[in-house]
Amino acid sequence: MIILSLLYSCKNNDKKLPILTDGVTERQVNGKTVIDTVYKKISDFSFLNQDSVLISNKYFDGKIYVADFFFTSCPTICPIMHRNLKKVFEKYKGNPDVMLLSHTIDYRHDIPSKLKAYKHKLGADSEQWQYVWGKRDLIYGLAQKDYLVSVNEDKAAPGGYVHQGYLVLVDKYRRVRGAYDGTLSEQVDNLMKDMDILLKEN
């Protein structure tokens, strides 16, 4: 069972963000049962970015990052999500401890060159915001099992895909620390506040 554990620092009453966990495990130490918390961690991944360069989870080592799932021809929530995410990009532009990672779910059409054109049109020409393409099962599996974001193909849906518009905040240990509705400005404001908290924590 997935448990969201809320941790707060007793010292100076500094707030710490929730850490998503996969539950607990038990082990025996000197005849006593010790319970360990198992934190949910983003799996290893490797995708082609907008420049057709293979990047992996190691590219984000030691940084916090915000992940989302979209497609370039999306006629519904994606333009709103990325306009809001652009605010996050602008606030943290040049900060070496912050990255953004957008995964396309349109594995048929959103080849790297198309992602690059989309990225340029948005005005996100920086290595700090990566757009990535991967095989269907890899992208969809990562979205659903690790980031807990629902994505799927649906011929009846506008654009042929359905997906949630969450912006997922990940810490430098690849643990999920929050999820925010990218279509709502107030939620994106909360994301940035939480990013400031996480940067202080790190």
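Right above here is the structure, for reference.
Rules behind the numbers
- Residues numbered from 1 in each chain as written.
- Predicted model: local features only at pLDDT ≥ 70, side-chain atom pairs only at ≥ 80, totals over all residues.
- Heavy atoms only, no water.
- Salt bridge = Lys/Arg side-chain N within 4 Å of Asp/Glu carboxyl O.
- Helix = DSSP H or I, 4+ residues; strand = E, 2+ residues; numbered from the N terminus.
- Buried < 20%, exposed > 50% of the residue type's maximum accessible area, 1.4 Å probe, protein only.
- Pairing = 2+ DSSP bridges.
- Axes fitted to C-alpha atoms, helices over the stretch in contact; angles between N-to-C directions.
- Right-handed = clockwise from strand over helix to strand, strands pointing away.

**A look at the pattern of salt bridges**
- Here the structure, examined in full by the defined rule, presents 10 salt bridges.
- Measuring nitrogen to oxygen at the nearest pair gives 3.1 Å for the salt bridge that ties Asp 51 to Lys 116. Separated by 65 residues along the polypeptide, Asp 51 in the loop between β4 (46-49) and β5 (54-56) and Lys 116 in helix α2 (residues 112-122) bring together distant segments of the chain.
- Overall, Asp 51 belongs to the partly exposed group, its relative accessible area being 32%.
- Arg 136 is the partner of Glu 153 in a salt bridge, and the nearest nitrogen-oxygen pair spans 2.7 Å. Taken together, the positions of Glu 153 in strand β9 (residues 151-153) and Arg 136 in helix α3 (residues 136-146) put the pair 17 residues apart, joining distant regions of the chain.
- Among the residues examined, Glu 153 registers a relative accessible area of 28% and is labelled partly exposed.
- The class for Arg 136 is partly exposed, based on a relative accessible area of 27%.
- Ionic contacts of the salt-bridge type, sharing partners, join the residues Arg 108, Arg 136, Asp 137 and Glu 153 into one network.

**A short note on the sheet that holds strand β8 (residues 129-133)**
- Spatially, the seven strands line up as an open sheet ordered β5-β4-β8-β7-β6-β11-β12, and their pairing is mixed. Two strands lie at the open edges of the sheet, namely β5 and β12 (176-181), each paired on one side alone. Mean inter-strand twist for the sheet, computed between neighbouring axes without regard to direction, equals 35°.
- Two strands pair when backbone bridges link them, and strand β6 (residues 64-70) and strand β11 (residues 166-170) are joined in this way by three bridges, in the antiparallel orientation.

**Digging into the pairing of β6**
- Here β6 lies mainly inside the structure; seven of its seven residues are buried.
- Along β6, one buried face is formed by Ile 64, Val 66, Asp 68 and Phe 70 and the opposite face, lined by Tyr 65, Ala 67 and Phe 69, is buried too.
- The β-α-β motif built from β6, the intervening helix α1 (residues 78-92) and the parallel element strand β7 (residues 98-104) has right-handed crossover chirality.

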